[in-house]
Amino acid sequence: MLLLLIALFVMGALSTLLAPSQQSSADTGTSQQVTEGKALFTVQCSSCHGLNGEGQTTAVIQGPPLAGVGAASVEFQVGTGRMPMSQQGVAQAPVHPVRFSPEEIAALAAYVATLGPGPAIPSPEEYDTSGVSEEDIARGGELFRTNCSACHNFEGAGGALPGGKYAPSLLQTSNLHIYEAMVTGPQQMPVFNDDVLRPEDKKAIIAYLNDLHSRPNQGGLNLGGLGPVSEGLWAWIIGIGGLIIFAIWIAAKGVKAK
Ligand code: HEC
Ligand code: HEC
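Analysis parameters
Along every chain, residues carry numbers that run from 1 in the direction the sequence is written. By the order in which they are written, chains take letters starting at A while ligands take numbers starting at 1. Where local features are concerned, this predicted model is filtered to residues with pLDDT of at least 70; where side-chain atom pairs are given and counted, the filter is 80 or more; whole-chain, interface and lining totals use all residues. Based on all heavy atoms of the structure, the side-chain values leave hydrogens and waters out of the count. Proximity is defined per residue: if any heavy atom of the residue lies within 4 Å of a molecule or strand, that residue is considered near it. Any pair of N or O atoms that falls within 3.5 Å is considered a polar contact. Within protein, one atom must be able to donate a hydrogen and the other to accept it, and sequence-neighbouring residues count only if both atoms are side-chain atoms. Per the convention used, a helix needs a DSSP run of H or I reaching at least four residues, while a strand needs a run of E reaching at least two, with both numbered from the N terminus. Three categories are distinguished: nonpolar for Ala, Val, Leu, Ile, Met, Phe, Trp, Tyr, Cys and Pro, charged for Asp, Glu, Lys and Arg, and polar for the others, with Gly belonging to the last. Under this scheme, a helix contributes an axis fitted over its contacting stretch, all axes are lines through C-alpha atoms, and angles between N-to-C directions fall in the 0 to 180 degree range. Orientation is classified from the angle alone, with under 35 degrees giving roughly parallel, over 145 giving roughly antiparallel, 65 to 115 giving roughly perpendicular, and any other angle giving oblique. Handedness of each helix crossing follows the sense of rotation of the near helix against the far helix: counterclockwise by less than a right angle gives left-handed, clockwise gives right-handed. When checking whether two residues touch, look at their non-hydrogen atoms; a contact exists if any pair is within 4.5 Å. Patch criteria: residues need more than 30% relative accessible area and no salt bridge. Like-charged residues are merged within 9 Å; nonpolar side chains of Val, Leu, Ile, Met, Phe, Trp and Tyr are merged within 5 Å. Areas reported as accessible are Shrake-Rupley estimates using a 1.4 Å probe. Residue values count occlusion only from the protein chains shown. Any carboxyl oxygen of Asp or Glu that lies within 4 Å of a side-chain nitrogen of Lys or Arg is treated as forming a salt bridge with it. Note on classification: 1.4 Å probe, protein chains only; a residue is buried when its accessible area is under 20% of the maximum for its type, exposed when over 50%, partly exposed between these limits. Each metal site is built from N, O and S donor atoms within 2.8 Å (3.2 Å for Na, K and Ca), and since water is not included, such sites may look incomplete. A four-donor site is called tetrahedral if each angle lies between 85 and 135 degrees; a four-donor site is square planar, and a six-donor site octahedral, when trans pairs exceed 155 degrees and the remaining angles lie between 65 and 115; all other cases are labelled irregular. Think of it this way: Lys and Arg go in the positive column, Asp and Glu in the negative one, and His and the chain ends go nowhere.

Caption draft 1: Molecular detail of the site of ligand 1. Close to ligand 1 lie 20 residues; C45, C48, H49, M83 and Q187 are nearest. Interatomic distance of 3.2 Å between a side-chain N/O atom of S73 and an oxygen atom of ligand 1. At a separation of 3.3 Å, an oxygen atom of ligand 1 approaches a polar backbone atom of A93. Of all the secondary-structure elements, those providing two or more residues to the shell around ligand 1 are α3 (46-49) and α4 (70-79). The element contributing the most residues to the shell around ligand 1 is α4, with 4 residues. When its residues are assigned to classes, the shell around ligand 1 shows 13 nonpolar, 7 polar and no charged.

Here is the structure:
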């Protein structure tokens, strides 16, 4: 048993070592974009992330190094308004209104991509879900329940995590940002690279989330979306409660009949 575990571990370690690195984004962006991005970065981001994106870890100012996070991470962080972070010392950068134009975000992303290879910004074909079939949406639902619902809840409504952190609701997130979150793994979220979730799996998950949110509430009680646990609990309360009421009613009738 122990030997088997060790063998599995070694195989896992080897496969991560040997696996080709994820799609690199070093070639995205024109040199003009990179120049503009660097200028913007110096003014807006370097106070926390360092002049060359090397990061800072002084007692007051903290920002992780950005070499290798990739253009997708910058587009996600700046495109959802998380960056530039306005307040230090909070557990998690909150979502804010976006502070840059799409061109400026592209320039920042192009600059950070030159610091080291990382995931590229996905192309529209990768997250466009218009042609996705019903079966794929159902498969996306299964993949979501297996990979995502532990943190984001069964209906994507989000949930609290230890240490004052949280997995946000996915109800308002754009296709692009769902895809980018999966390939960059912000905060405690794992990175779902293409070996873990193939591109078509990612698309299926995005299609499922869209479908979930476009569907009107189909009547019935909203049980808080907590999934089988709360539904089971409700069934139990209503079921047993109903039995008790029924028993009392029979008893009462029995008394009258005497
Ligand atoms: C006030 C400090 C501060 C400023 C200003 C700031 N950041 Fe950050 N940044 C952080 C901290 C702290 C984190 C890690 C916390 C988190 O991810 O919520 C972070 C995380 C990131 C990440 C994710 C890194 C990863 O490992 O995936 C990216 C990308 C990023 N910042 C880009 C930027 C860009 C681009 C700007 C400028 C537009 C910027 N940041 C401005 C503090 C800052
Ligand atoms: C271990 C917990 C965990 C798992 C599992 C997880 N996530 Fe996340 N996710 C997070 C956290 C934490 C954040 C917030 C990161 C931040 O604010 O910087 C997040 C953020 C996101 C966002 C950004 C939402 C927004 O409002 O900008 C999306 C989209 C997302 N996750 C999708 C997914 C999908 C799809 C899966 C499954 C394939 C998944 N997550 C699995 C913890 C998780």
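Following the structure, the description resumes.
Caption draft 2: Seen up close, the packing of helix α9 (residues 175-184) against helix α10 (residues 199-214). Two numbers describe how α9 lies on α10: the axes approach to 10 Å, and their chain directions differ by 135°. Considering their axes alone, α9 and α10 lie oblique with respect to each other. Here α9 and α10 pass one another in a crossing that is right-handed. Residues N175, I178, Y179, M182 and V183 of α9 pack against P199, K202, I205, I206, L209 and N210 of α10.

Caption draft 3: Local environment of a nonpolar patch on the surface. On the surface, I240, L243, I244 and I248 cluster together into a nonpolar patch covering about 380 Å² of accessible area. Checked against the element boundaries, I248 lands in helix α11 (residues 228-257). Residue classification places I248 among the exposed positions, given a relative accessible area of 53%.

Caption draft 4: View of the coordination of the iron atom of ligand 2. Donor atoms from the polypeptide that coordinate the iron atom of ligand 2 comprise H152 (NE2) and M189 (SD), at 2.0 to 2.2 Å from the metal. Each of the 6 donor atoms bound to the iron atom of ligand 2 contributes to angles spanning 85 to 179°, and the resulting shape is octahedral. A residue pair is termed long-range when its members are at least 10 positions apart, and H152 in helix α8 (residues 149-152) and M189 in the loop between α9 and α10 qualify at 37 residues.

Caption draft 5: Structural detail: the side chain of R82. Here R82 shows up in the loop between α4 and α5 (102-113). Salt bridges are absent for the buried R82, whose nearest opposite-charge side chain, E180, sits at 8.8 Å. Here T80 takes part through its side chain, which lies 2.9 Å from a polar atom of the side chain of R82. Discounting chain neighbours no more than four positions away, the residues touching R82 are F76, Q77, A93, P94, V95, H96 and P168.

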